[in-house]
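Structural description and commentary
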Amino acid sequence: MGHCSWPPNRIHLFGFAQGGSVATEFGIKWWKSETTKLAQSSGESDTAQSPRLLGSIVSVAGPLLSFPTMSKKCDTSVLVFHRPPPSGCALSSDAMTAFKKGFESVVEVKMGGAGGMPQGMDEWVPIMRFWSERLGKRQVDGLYEVLSGTAL
């Protein structure tokens, strides 16, 4: 963000297992840091600001290790992909509770099978749909977005 001037809302984190845990824990840490900065600077200016958000976080079978207790949940959207027991990629029964305690918007995708990472189109579609709703769109002259199901 500093060296390349990449805005946080264009940063989308994806992690599998421990990488998913790192991504979601970083999302919580980022949110706390941003809200603290905002609270400290609120006395300096009268403009109403909001914390800078990350684009999104996708965790594949990676639990949130902490059980966050914050006054305001993190507004970064999270998708949690996991499989039911006895899969090695199953999350504990209270894992989704921890995600919903820390994040305002949590999408759960539970797929059968014994694999780890999503496999095939059926398992990737929910993740791709999630990203398509959250990825930033560049505004370029002469470029038009085609939307299905809309009247002209």
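Our subject is the structure listed above.
Notes on the structure follow. Model, not experiment: these values are computed from the prediction. Residue numbers run consecutively from 1 along every chain, following the written order of its sequence. Note on the predicted model: pLDDT of at least 70 is required for a residue's local features to be given, and 80 or more for side-chain atom pairs to be given and counted; whole-chain, interface and lining totals, by contrast, use all residues. Only heavy atoms go into the side-chain values, all of them from the structure, while hydrogens and water stay out.

Remarks on the nonpolar core
- Here, nonpolar core refers to any group of buried Ala, Val, Leu, Ile, Met, Phe, Trp, Tyr and Cys residues whose side-chain atoms link them within 4.5 Å. Three labels apply to residues, based on accessible area from a 1.4 Å probe with only protein chains included: buried if under 20% of the type maximum, exposed if over 50%, partly exposed otherwise in between. Within the largest apolar cluster, 15 residues are counted, with the highest numbers of intra-cluster contacts made by L64, V78, V80, F99, F103 and V106.
- The way it works is that DSSP assigns letters per residue, a run of H or I at least four long becomes a helix, a run of E at least two long becomes a strand, and they are numbered from the N terminus. Looking at this core, the elements with two or more residues in it are α1 (18–41), β3 (78–82) and α2 (95–102).
- Among the elements that line this core, the one with the most residues is α2, at 4 residues.
- Judged by nonpolar contacts, the second largest core, of 11 residues, contains V58, L79, F81 and F130.

Looking at the packing of aromatic side chains
- Centres within 6.5 Å are what make two rings of Phe, Tyr or Trp a pair, Trp counting through its six-membered ring; a difference in plane orientation under 30 degrees is then read as stacked, over 60 as edge-to-face, and the rest as tilted. Taken as a whole, this structure holds 3 aromatic pairs when the rule is applied.
- When the ring of F14 is compared with that of W131, the centres are 5.8 Å apart and the planes differ by 50°; the resulting orientation is tilted. Taken as a pair, F14 in strand β1 (residues 12–16) and W131 in helix α3 (residues 120–132) lie far apart in primary sequence, 117 residues in all.
- F14 gets classed as partly exposed once you look at its relative accessible area, which sits at 33%.
- Residue W131 is classed as buried on the basis of its relative accessible area of 18%.
- Members of the aromatic cluster, each reached through a chain of ring pairs, are F14, W124 and W131.

Here's the deal with unusual backbone geometry
- The amide bond that connects P85 to the next residue, P86, takes the cis arrangement and shows omega of 10°.
- If you trace the backbone, P86 turns up in the loop between β3 and α2.
- The backbone phi angle of A17 is positive, close to 55°, even though this residue is not glycine.
- Located in the positive-phi region is A61, a residue other than glycine, with phi close to 60°.
- Tracing the sequence through the fold places A61 in the loop between β2 (56–60) and β3.
- On the basis of relative accessibility, which here comes to 13%, the residue A61 falls in the buried class.

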